[in-house]
Every structure is written in C-alpha cells, then in structure tokens.
Amino acid sequence: MPIVTVQMLEGRTVEQKQALIKEVTETVVKTTGAKQEAVTVVIEEMKKENYGVAGISPK
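Rules behind the numbers
Residues numbered from 1 in each chain as written. Predicted model: local features only at pLDDT ≥ 70, side-chain atom pairs only at ≥ 80, totals over all residues. Heavy atoms only, no water. Helix = DSSP H or I, 4+ residues; strand = E, 2+ residues; numbered from the N terminus. Rg over C-alpha atoms; globule rule 2.2 N^0.38 Å. Buried < 20%, exposed > 50% of the residue type's maximum accessible area, 1.4 Å probe, protein only. Contact = heavy atoms within 4.5 Å. Salt bridge = Lys/Arg side-chain N within 4 Å of Asp/Glu carboxyl O.

A. Looking closely at the overall build of the protein chain. A count of helices and strands for the protein chain gives 1 helix and 2 strands. For the protein chain, the N- to C-terminal ordering of α and β elements is β-α-β. Its C-alpha atoms give the protein chain a radius of gyration of 14 Å, more than 25% over the compact-globule value 10 Å for 59 residues. Seen through its principal axes, the protein chain has C-alpha atoms that stretch 40 × 25 × 15 Å. In the protein chain, which comprises 59 residues, the proportion classed as buried is 15%. Contacts in the protein chain between residues at least 24 apart in sequence constitute 65% of all its contacts with a sequence separation of at least 6.

In structure tokens:
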C-alpha cells in the first residue's frame, strides 16, 4: 500500500490538487505495479512564512 506525501506551499486550487493526486497515483501504479485503490496521496500544505531556503524565508 504505497503512501505518497507531497509537501508544498499553500495557494493551489482544489482543481490543481485533484490533478496532482490523479497524476501521482497514476505514476505510482505505473512504476510499482500497485493497484490504484491501494495508493494513498497526502498533500501537506504549509504557510509561506513557515518555509525557508538557505536561511532565508519569503517576505
């Protein structure tokens, strides 16, 4: 039972997240041979102020 977690900054539409879930699921099925109904995709969204790269957070 593959479980895929996607971490990303908030701001995507529901439609974009649905498309992401669909595409990730299809890729996992194709590459692992898992059944589609066994694949779980979890999207974890974070606020921009809770993220930083190289010691710098967005303004």
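Read on for the rest.
B. Structural detail: the pattern of salt bridges. All told, the structure shown has 2 salt bridges when counted by the stated rule. Taking the shortest distance from any N to any O, the salt bridge between lysine 17 and glutamate 45 comes out at 3.3 Å. Of this pair, lysine 17 sits in helix 1 (residues 14-32) while glutamate 45 sits in strand 2 (residues 40-46); the two residues are 28 residues apart in sequence, bridging distant segments of the chain. Linking lysine 22 and glutamate 26 is a salt bridge whose minimum nitrogen-to-oxygen distance equals 2.7 Å. Placement of the pair is lysine 22 and glutamate 26 together in helix 1, with a separation of 4 residues, close to one helical turn. Judged by its relative accessible area of 47%, lysine 22 is partly exposed.

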